[in-house]
Structure formats: C-alpha cells, structure tokens
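# Breakdown of the fold
Listed below, chain by chain, are the residues.
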Amino acid sequence: MTRPRSLISLWLPWLATERLERDEPALAERPFATFMESRGQMVLAAVNPCAADAGLTPGMSLANARALYPDVTLRRADPPEERKMLDALRDWCVRYTPWVALDGTDGLLLDTTGCGHLFGGDAAMLADIGQRLDGIGFTARAAQAETPLAAVALARFGDGRPFATGMLPQDGPVLRERLASLPVEALGITADTAAGLHRVGLHKIGDLYPLPRSSLATRFGLDLVTRLDRALGDLPDAISPKPHAAPYRVRLSFPEPIGTPEDIARALDRLLTRMTARLEREQRGCRRLMLSVYRADGDVCSLTVGVARVVRDPHHLARLFAERLASLDPGFGIDSMILAAPVVEDLKAEQGDAALPAAGDDKGKSAAGRGGDPEFDRLLDRLAARLGSGRLLRIDPRRSHVPERAGRFASVFQPSGPADGEGDRPPWPAGLPMRPSFLLNAPEPVETEAHEDMPRRFSWRGRWHDVGRVTGPERLSPEWWRSERNAQPRDYYRVESPSGQRFWMYRSPGLNDANAGIGDWFMHGLFG
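Residues numbered from 1 in each chain as written. Predicted model: local features only at pLDDT ≥ 70, side-chain atom pairs only at ≥ 80, totals over all residues. Heavy atoms only, no water.

### Some remarks on the overall build of the chain
- Looking only at helices and strands, the chain has 13 helices and 20 strands in total.
- Taking all 528 residues of the chain together, the buried fraction comes to 41%.
- In the chain, the proportion of contacts linking residues at least 24 apart, taken out of those at least 6 apart, comes to 59%.
- Carbon together with sulfur atoms contributes 51% to the accessible area of the chain, which is approximately 28300 Å² in total. (Helix = DSSP H or I, 4+ residues; strand = E, 2+ residues; numbered from the N terminus. Buried < 20%, exposed > 50% of the residue type's maximum accessible area, 1.4 Å probe, protein only. Contact = heavy atoms within 4.5 Å. Areas by Shrake-Rupley, 256 points an atom, 1.4 Å probe, with all protein chains shown as cover.)

What follows is the structure, given as structure tokens:
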C-alpha cells in the first residue's frame, strides 16, 4: 500500500516585524510597523500584532497610519533581508526533511512523507517545529495535509489556532470536509475571480464541490478548477525545494545541546569516519566538504574545506577542519551537525610507487599539477585552510604568444580543463626564450635619453637607470585574427643595468625615432 503524502505548510505572518524584534525586543511590546514606497507614496509593508490590534494594516498609507495611531514605531522595510531570513529558516527546516520549498515571501512548505517516525510521529514532529520556532522568536501557523495547496489553505485560512499541533495528514473525505468550510480565497485565486464567485453566492470551497467543472471553467476560468483539483488531490501537485547538490551527507543529532570544543571535535571525527567509510565503499573521494552546525537558537553555521587532490583520509580532513573550528560559535548549544560532500570524484585503490605516470600523462595529478606528490598537496590544503583557497593560485597556459595573454591565474583547487572556450588546457610550449619572473599587468611607458639604436639611459617610475648590456631583439607579432586597432609588432630586449638589475623592455619597429622620449619604449617585466 502506497504511503499517503504528508506536507506541512508553515506560515509566518509576522516574519518582517519579528526579524527586527529579535534584535530589539522592546519593539514587540508596542505598535510597530515597517513601511516602503509604493506608487509614489509611503505605505505600511508589515505590522506586528500590537499594531494590528490598533487597526493598522499592511498597505495603509503612512499618513493614515499616523493619524490613526500617532505613536506607532516605524522602520523602513528591507525585502532582501526578509528573503535572506526566510532562506535561513528554510535551511533550518532541513533538520526535519531535505524537501523544503518557499511559499511566497512569508511561508515554507515541507514534504515530510516518511519522516514523522524519526520524531515520534507526525503530531510530535509538528509540535517540535512549533516549539523550536517559538524558542527562536518566530510565530508560525501550520497545517499538515496530503496536498501542498490544501496544507497552505489550512494554515492560512484554518481555525485560527497559532500552531495546529494536533492536525494529522488529512486524506480523502476528511480532507474534503476540512477544506469545505474555508473561503474560496484559500485556493489562492485572484481577487477578481473571488469577487465573481461571491456575486453568485459561492463563498466557501465546499460550495464548489457539487458544481460541474466545465461550468466553473467557462464562467471563472480554468485556473479555479485546476487549483480546486490540486487541493483535493485529483491533480498532481509538486513543490520546488531548494536543490541539494550533495548526495553524500551524514548527520549526527544530540540528545542535549553540545558546546565545548572537545565535544564538537569528537562529533566531527564521527561524521568524518562515517563519510570516508562510505566513500571508500564506493571507491570515491571528495574535493570539498561542508560542515553545517544547527544551533539551539535557530542559526545555522557552515564551515567549508577544499583539497587540492581527491582524498578520503579522515585524519587529514580533520586536521583541515581543526584550523576553522576555533572560529565556530556554538551559541547556546548545538542540536545537530551535518557533513556533506558536494564535490566527489572517482578514487580507486592505489598501490603507491608501483608505477609513476608517464611523461605528459595527467592521470593521478592534483589540481595544482603535481603528479604523485601527496605531501605537496597536503601542504596546499593546510595553507588553504589558514589563508583561504582563493589566495592560492597557479598559472595555466593559454593558446597565445602575446605575453600578457599567454597565461592566466587559476585556483590550485580548480581542475585543469578548458580555458575560455579555447579547448583543453594546452601544455607549456618547449624551447621558449627566457621570460621574466615578474610580468607587469600592462606595459608601462619609459622615458629615454637621445639615442640612435639603443638608449644609454632610461627612466621608469621616476628613477633613472643606466644601460649596461642588452640582449635581443625577439620579435613578437600581433595576433591578426583579433583585429585589434593600432596593434604593432614588438621587439623585446633583455636590458641589464651596471648594478645588475635586469629588465624586459620592448619597442615597436617603424615608429618615428626622430624625437626620443616617452612612448617609444615600454617596460613589460623584471627578471629575478
């Protein structure tokens, strides 16, 4: 027998104001509202329960609100922050089910099918959600039903209880009976459709049951009939949860919140042992691990570590996390921890030193390009844990002979691959003339003294240098296929001063040499 679906709708009617009241608890004790600009005038965006009791409603103009209640406390609405808070609550709800979707700007939908027994039953799970939300400062109304639309309708237009802790999944005739007493607006139809239904005496969802679907669709549109059938389960209805790209996840819940560094480290070791055991069974390794910590106050903290070489060694991974655990704030305690591996790759069993990769073979190499050198890769991992992976870069070759285009910076943790649509990453060309160890981001003009062929002195960045020895030229032509305007060939020279400084300079042949000065020669690099 197929298990009926179980969906929970969480409606947070005071989300916008309670977000601010968490930081300023005094706001909850008096009428408080947020405002925003709409159609050229300031209107109320959200109100708290005290303001609602005083007669203030969202959409009311600011002038009317102040006239009705002059002492109302006002704050400017911040929709991006409100969306950020709702996203955080969606992540918080993952402790109950991985299938959590947004419902507008003030609600969530949870598909908890098959999850209730983990919390002592559906009713116990629903009670736990309500208790925890109340503990972190949010008021919610909830309902549980067999279809998403029915759960939303019951939560937003139900019997008015703050949290329907005793409401179990409703199916078949029971669901029809519970929906029958709700207003037609509970189906989420437009205001015009609702007004048309009221004009002909159809006020409740139950009033629509005996009417032919074809007549309703002809008179009020197909959307009304579709929503009614979705609510009753006669049409399939899916939710769009936040995608979780980490199929490799292990979880650890605690009977009592933990908070000491030792307890957190031991819990992480257990998670790493379970994760790497699964990776070993499936002959896989990870490139990145993310630890999510669910605190008792409702916040979710995350730590991420990356590795240069695919690995599944729990001791090495624990050492990387140890660099970050000191920055983790447990708050009032940690309820649960989830370790996820969003990026995994094949990692077959290896026989060390039995065979080295052939020349030019990238198999077995790390992202840093070092084949068969795991100690170097572990050093990179530790440096990344301390400095950040974005600070460790390598230079990848590109298919260009122009110096400023011949290479590009890439993270050492980024696998070697196509570069800007130019196909596979090319190898570094062999037999190139000497190149400077430091290349300027862009060539810089230098000032030179009068000369016939080579300058005797030049000034770069405000300092004069004598020319001792010159090697060159090496001519580099522009890339004609790029159709760049004013592109000229370049003659590069290695210029050495009497003090031993070595510069990489160039000039464009064919330029007017009558007046030596700024613009004839350019500095492009320095030799170490």
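### Details of a nonpolar patch on the surface
- On the surface, Leu379, Leu383 and Leu387 cluster together into a nonpolar patch covering about 240 Å² of accessible area.
- Among the structural elements, Leu383 can be located in helix α13 (residues 374-387). (Patch = residues over 30% accessible without salt bridge, like charges linked within 9 Å, V, L, I, M, F, W, Y side chains within 5 Å. Salt bridge = Lys/Arg side-chain N within 4 Å of Asp/Glu carboxyl O.)

### Digging into the environment of Pro236
- Inspection of the secondary structure puts Pro236 in the loop between α10 (222-232) and β8 (248-258).
- Residues Pro236 and Pro148 lie 88 residues apart in sequence; the distance between their C-alpha atoms is 9.9 Å.

### A look at the environment of Glu444
- With respect to the helices and strands, the residue Glu444 is situated in strand β14 (residues 438-448).
- A C-alpha to C-alpha distance of 8.2 Å links Glu444 and Trp460, two positions 16 residues apart in sequence.
- Once residues lying within four places of it in the same chain are set aside, the contact partners of Glu444 are Trp460, Arg461, Trp521, Phe522 and Met523.
- A distance of 2.9 Å separates polar atoms of two side chains, one belonging to Glu444 and the other to Trp460.
- At a separation of 2.8 Å, a polar atom in the side chain of Glu444 contacts the side chain of Arg461. (Polar contact = N/O pair within 3.5 Å; in protein donor to acceptor, adjacent residues only side chain to side chain.)

### Observations concerning the sheet that holds strand β11 (residues 334-346)
- With antiparallel pairing, four strands are arranged side by side in an open sheet as β8-β11-β9-β10. Two strands close off the open sheet at either side, each with one partner strand: β8 and β10 (300-311). Taking each pair of neighbouring strands and ignoring which way they run, the sheet shows an average axis angle of 15 degrees.
- In this structure, strand β9 (residues 284-295) lies alongside β10, joined through eight bridges in antiparallel fashion. Opposite Leu289, over in β10, you have Val305 as the bridge partner.
- In this fold helix α11 (residues 261-281) packs onto β8, β9 and β11, with an angle of close to 155 degrees to the strand it touches most, β8. (Pairing = 2+ DSSP bridges. Axes fitted to C-alpha atoms, helices over the stretch in contact; angles between N-to-C directions.)

### So, the pattern of salt bridges
- Overall, the coordinates contain 26 salt bridges when judged by the stated rule.
- Across the salt bridge formed by Asp297 and Arg295, the nearest N and O atoms sit 2.8 Å from each other. Neither Asp297 nor Arg295 differs from the other in exposure class; each is buried.
- Each member of the salt-bridge network shares a partner with another, and the members are Arg95, Asp128, Arg132 and Asp335.

### Considerations on the pairing of strand β6 (residues 107-111)
- Along β6, five of the five residues are buried, which leaves the element largely enclosed by surrounding structure.
- Because side chains alternate across β6, one face comprises the buried residues Gly107, Leu109 and Asp111, and the other comprises Leu108 and Leu110, equally buried.
- Examined bridge by bridge, strand β1 (residues 7-11) and β6 share five bridges and lie antiparallel to one another. Pairing of Trp11 across the sheet is with Gly107, part of β6.
- With three bridges connecting them, strand β5 (residues 100-102) and β6 associate as antiparallel partners. Residue Val100 lies in a different strand from β6, and its bridge partner there is Leu110.
- Hairpin geometry of β5 and β6 is characterised by an intervening segment of four residues between the two adjacent antiparallel strands and by a positive phi of about 70 degrees at Gly104.

### Brief notes about the packing of aromatic side chains
- Summed over the entire model, instances satisfying the criterion amount to eight aromatic pairs.
- Relative to Phe119, the ring of Tyr96 has its centre 5.1 Å away and its plane inclined at 45 degrees; by these criteria the two rings are tilted. Placement of the pair is Tyr96 in the loop between α4 (79-92) and β5 and Phe119 in the loop between β6 and α5 (122-135), with a sequence separation of 23 residues.
- Owing to a relative accessible area of 26%, Phe119 belongs among the partly exposed residues under this scheme.
- Centroid distance Trp460 to Phe503: 6.5 Å. Interplanar angle 75 degrees. Geometry classified as edge-to-face. (Phe/Tyr/Trp six-rings, centres within 6.5 Å; stacked < 30°, edge-to-face > 60°.)

### Points about the confidence of the model for the chain
- Within the chain, residue pLDDT values average 83, and 84% of them lie at 70 or more.
- Counting contacts from residues 512-518, a segment whose pLDDT is below 50, to residues more than four positions away or on other chains yields 12 contacts. (pLDDT = per-residue confidence, 0-100.)

### Examining the sheet that holds strand β7 (residues 141-145)
- As summarised here, the arrangement of the four strands in space is β5-β6-β1-β7, forming an open sheet in which the pairing is antiparallel. A strand with exactly one partner marks an edge of an open sheet, and here the two such strands are β5 and β7. Going across the sheet, the axis of each strand differs from the next one's by a mean of 20 degrees, ignoring polarity.
- Against the sheet, helix α6 (residues 148-157) makes contact with β1, β6 and β7, and its axis sits at roughly 145 degrees relative to β7, the strand it touches most.

### So, the side chain of Thr34
- You can see Thr34 is positioned in strand β2 (residues 32-38).
- Aside from chain neighbours lying at most four places away, what touches Thr34 is Leu20, Val43, Leu44, Ala45, Ala46, Arg75 and Ala77.

### With respect to the side chain of Arg295
- Topologically, Arg295 is positioned in strand β9.
- Residue classification places Arg295 among the buried residues on the basis of a relative accessible area of 9%.
- Aside from chain neighbours lying at most four places away, what touches Arg295 is Arg95, Cys301, Asp329, Pro330, Gly331, Gly333, Ile334 and Asp335.

### Some details on the packing of α11 against helix α12 (residues 314-325)
- Closest axis-to-axis distance for the α11/α12 pair is 10 Å, and the angle between their directions is 145 degrees. For the crossing formed where α11 meets α12, the hand is right-handed. Contact with α11, carried on its side by Ile264, Ala265, Leu268, Asp269, Leu272 and Thr276, involves Pro314, Leu317, Ala318, Phe321 and Leu325 of α12 and no other residues of that element.
- Tallied by class, the residues present in the contact of α11 with α12 amount to nine nonpolar, one polar and one charged. (Left-handed = near helix turned anticlockwise from the far one by under 90°. Nonpolar A, V, L, I, M, F, W, Y, C, P; charged D, E, K, R; others polar.)

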